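# Fold and contact review
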Amino acid sequence: MNIEQKLSHKTIEAFQSLYGHTIDAIAFEKTNPIFVGDLTLVVFNFLKISKKKPEETATEIGNYLKANVAEVSDFNVIKGFLNIVIADSFWLNYFKDIYGKPFINHTLPENAPTVMVEYASPNTNKPLHLGHVRNILLGYSVSKILSAAGNKVVKTSVVNDRGIHICKSMIAWKKFGNGETPESSGMKGDHLVGKYYVAFDKHYKSEIESLKNKGIGEEEAKANAPLMKEAQDMLRKWEANDKDVRELWTIMNGWVYEGFAESYKTLGVDFDSTYYESNTYLLGKEIIDSGLAKGILKTREDKSIFIDLTSDGLDEKTLLRSDGTSVYMTQDLGTALLRNQEVNFEKMIYTVGNEQDYHFKVLFLILKKMGYAWADGLFHLSYGMVELPEGKMKSREGTVVDADDLMKVMIDTAAATTKELGKVEGLTEDEAAHLFQTIGLGALKYFMLKVDPKKKMLFNPAESIDFNGNTAPFIQFNYVRIQALLRKSIEGWNFEDQAIFTPNIPLLPKEKELIIKLYNFNATLSQAAAEFSPALIANYVYDLAKEFSQYYHETPILKEERKDLILFRLQLAKTIGIAIKSSIGLLGIEVPERM
RNA sequence: GAUCCCAUAGCUCAGCUGGAUAGAGCAACGGUUUUCUAAACCGUAGGCCUUUGGUUCGAAUCCAAAUGGGAUCACCA
């Protein structure tokens, strides 16, 4: 039982004993820093029960708690606010309990619930871009958070490897590629395929123009341009399993996968499973049949099948076209069912942009209406678009901010800044490269994850590569500073061997604050897991690092004269280091040992 | 036309399960180092929390409407 629960419990007891009234729940909140105290109870709501003035009620409760709860050392009352002071010895004992223990328990209990997290979900006709980066970082971080919170997490991805888009790249490559390969060109595979996607677009547009010059209307020109005809023809051949088309498709997708793998590796993310739409696009018929049998789905006169959601405030949604082929929704229904059969998840998180809010609302509703119990565990982790400042980064037709370019810029900037600060001395080339990557990617990841997922975010290239203030490098720097402190201390004496704890040392206000921050780790983790929000972790770890930074400046540690204080401060610093590493690790960010 | 999301300092964002004087970072200005590594710390300045109404002892926070911004409403994915 934690201290809040104990206090709540005792407060309920107090109401019973003082006023003969039973209350269900009591919530303490953090005391506003401008007042003395750690936890505060607002008593306005209970005046009807006490039938006394706010001050009087608060004082009576305060007296009861002070007398009956050992940890309560004092209290004060201001208007209807009862501020409770928790004894330093409680915090010191708490610190003693957690010292040397990991913040995150990596061994899961037998009965840990299984959660599937989907993210990335790229198309195979072009490289990853800025939008994918936010998606991937969010999904990966949520996976880590859920895992740390005691779930068995299965990271998964759906690859959109079929359709007109990849046929466009294939056609363009056949016509203009002259057999170019990643090996022959030295280009990353996904970029090579993307290049032909852009080439298709360019030639397609000029075809449209020339048709329009012949007096053909825009719509007709778009539909009848020879290149588009060829792409559509290729898609039909693909669906008919044409040997040549399938072969080229396999080769070009293979290039893209190699490219993606490299990007994922640099980004430091991975997956436990991958679903390919070429395998799943026909799924969902099973659900359709069962839905028809249950009378949930209906057939129109033209044989198309739909579900009527108008009573739920939504529209009619078609699930099978009149020619019997399936649509996006059908495929998602089928994939959800397949995944549930395969991994038997309790929760399934879809990391997909908010432009698909409606799609997922409908998807989940249909599955619920179909009676699948697991449909209640489905969640759309919806995130806002990444916007760019106007006029920037739009120079190249057909490309937005490329993920690989972006990572390179971040790493290069980290290298330049590190060198400028003269911090590369004594590092081997490999060590330096790893450091630049840790800092550069850390900055990028933190920049994207510190913002509430559902909000759209502005990506300003100039500001995002800032390494000062509320950034990952600042947090990493504080971790590094702690490590330096620990290294220095070992030269003089081994504090580890003297882990004798003195619970009656004087605790500085900042030290108490830091211990409370450590104490809050578990609550923050639970909340982040419940809300699927890496931003909460980002805020937590920044606060912790900032508090430590202030503490470090105002408090001597190794220069302190009392040995027991040196010991305690080193132990505190060490524990904060572990907390920083654990927390920021939940964002997929590493910490260097030196920087 | 309908539905959904967003609106807090010049900029980027916290705070939103109602509480006491709304917080950070960046940018601006001024300080701190013969060092437990300054990618740091301290200070100054900067706010009608979009507007209007409602609920409440109490509203940035909850409700309603308005305004502004974004998204969605295919037998596309």
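Residues numbered from 1 in each chain as written. Chains lettered and ligands numbered in written order. Predicted model: local features only at pLDDT ≥ 70, side-chain atom pairs only at ≥ 80, totals over all residues. Heavy atoms only, no water.

### What about the sheet that holds strand 9 (residues 305–308)?
Pairing within the open sheet is antiparallel, and its 3 strands lie in the order 8-9-10. Edge positions in the sheet fall to strand 8 (298–299) and strand 10 (316–320), since each has one partner strand and no second. Two elements, strand 9 and strand 10, share 4 bridges in a ladder whose sense is antiparallel. Directly across from Asp308, in strand 10, lies its bridge partner Glu316. (Pairing = 2+ DSSP bridges. Helix = DSSP H or I, 4+ residues; strand = E, 2+ residues; numbered from the N terminus.)

### Focus: the protein's contact with RNA strand B
Within the structure, RNA strand B sits among 60 residues, and Phe81, Asp302, Arg321, Tyr552 and Lys559 are positioned closest to it. Within 4 Å of the protein, atoms of RNA strand B come from sugar and phosphate in 60% of cases. Here a base nitrogen of RNA strand B sits 3.3 Å away from a polar atom, N or O, in the side chain of Asn45. Ser322 places a polar main-chain atom, nitrogen or oxygen, 2.9 Å from a base oxygen of RNA strand B. At the level of elements, strand 2 (39–42), strand 4 (81–86), helix 16 (403–420), strand 14 (457–458), helix 19 (472–492) and helix 22 (534–554) are the ones that each hand at least two residues to the surface near RNA strand B. Here the residues of the surface near RNA strand B are counted per class, giving 24 nonpolar, 19 polar and 17 charged. (Near = heavy atom within 4 Å. Polar contact = N/O pair within 3.5 Å; in protein donor to acceptor, adjacent residues only side chain to side chain. Nonpolar A, V, L, I, M, F, W, Y, C, P; charged D, E, K, R; others polar.)

### Remarks on the packing of helix 16 against helix 17 (residues 429–449)
The contact between helix 16 and helix 17 brings their axes to 8 Å, and the two run at 120 degrees. In terms of orientation, helix 16 lies oblique with respect to helix 17. Seen along the crossing, helix 16 lies across helix 17 with a hand that is right-handed. On the side of helix 16, the interface is formed by Leu406, Met407, Met410, Ile411, Ala414, Ala415, Thr418 and Lys419, while helix 17 contributes Leu435, Phe436, Gln437, Ile439, Gly440, Leu441, Ala443 and Leu444. (Axes fitted to C-alpha atoms, helices over the stretch in contact; angles between N-to-C directions. Parallel < 35°, antiparallel > 145°, perpendicular 65-115°, else oblique. Left-handed = near helix turned anticlockwise from the far one by under 90°. Contact = heavy atoms within 4.5 Å.)

### Examining the packing of aromatic side chains
Considering all chains together, one arrives at 28 aromatic pairs under this definition. Ring geometry for Trp91 and Tyr519: centres 5.4 Å apart, planes at 85 degrees, overall edge-to-face. Of the two residues, Trp91 sits in helix 4 (residues 88–98) while Tyr519 sits in helix 20 (residues 509–519), which places them 428 residues apart along the sequence. Taking relative accessible area as the criterion, Trp91 reaches 3% and is therefore assigned buried. Exposure remark for Tyr519: the relative accessible area of 13% places this residue in the buried category. With centroids separated by 5.0 Å and ring planes inclined at 80 degrees, the aromatic side chains of Tyr94 and Tyr519 adopt a geometry described as edge-to-face. Placement of the pair is Tyr94 in helix 4 and Tyr519 in helix 20, with a sequence separation of 425 residues. Taken as a pair, Tyr94 and Tyr519 share a single burial class, namely buried. (Phe/Tyr/Trp six-rings, centres within 6.5 Å; stacked < 30°, edge-to-face > 60°. Buried < 20%, exposed > 50% of the residue type's maximum accessible area, 1.4 Å probe, protein only.)

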